[in-house]
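Letter by letter, the chains look like this.
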Amino acid sequence: MYPVNLKGGHIGKLRVYPGLKDVPRPLDYVVSCVPAQHTPALVEDCLAAGVKVVQLYTAGLRRRGTAKGSSCRSSC
């Protein structure tokens, strides 16, 4: 497991890498919690690193056909 955060540092004994490009290779699976505006760059970094699976937890992605992002309630 390789935690990534712009600030770097350590979590317990785990080194925190400042970016996905700094993580030792190979990477198979990335779990990400980033704002929607950072998702495209993250996916590009994952492609460059040869990541096979990306699981995204994010908010603010616009639904097709709407002017603003919205939650999926009765319209889904």
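A brief report on the enclosed structure follows. The model shown is predicted, which means the values in this text are computed figures rather than measured ones. (Residues numbered from 1 in each chain as written. Predicted model: local features only at pLDDT ≥ 70, side-chain atom pairs only at ≥ 80, totals over all residues. Heavy atoms only, no water.)

## Observations regarding the pairing of strand β3 (residues 29–33)
Side chains of β3 alternate between two faces, with V30 and S32 buried and Y29, V31 and C33 left unburied. Bridge count for β3 against strand β4 (residues 53–57) is five bridges, and the pairing is parallel. Bridge assignment links V30 to a residue of β4, and that residue is V54. (Buried < 20%, exposed > 50% of the residue type's maximum accessible area, 1.4 Å probe, protein only. Helix = DSSP H or I, 4+ residues; strand = E, 2+ residues; numbered from the N terminus. Pairing = 2+ DSSP bridges.)

## Quick look at the side chain of T39
Position of T39 among the secondary structure elements: in helix α1 (residues 39–49). For T39, a relative accessible area of 8% corresponds to the buried category. Excluding anything up to four places from it in sequence, T39 contacts V34, L56 and T58. (Contact = heavy atoms within 4.5 Å.)

## Overview of the pattern of salt bridges
Taken as a whole and assessed by the stated rule, the structure comprises two salt bridges. A salt bridge links K21 to D45; the shortest N-O distance between them is 3.7 Å. Here D45 lies in helix α1 and K21 lies in the loop between β2 (14–16) and β3, a separation of 24 residues in the sequence. Classification of K21 by relative accessible area gives exposed; the value is 61%. Overall, D45 belongs to the partly exposed group, its relative accessible area being 23%. Among the salt bridges present, the one from K52 reaches D28, with a minimum N-O distance of 3.3 Å. With a gap of 24 residues between them, K52 in the loop between α1 and β4 and D28 in the loop between β2 and β3 connect regions that are remote in the sequence. (Salt bridge = Lys/Arg side-chain N within 4 Å of Asp/Glu carboxyl O.)

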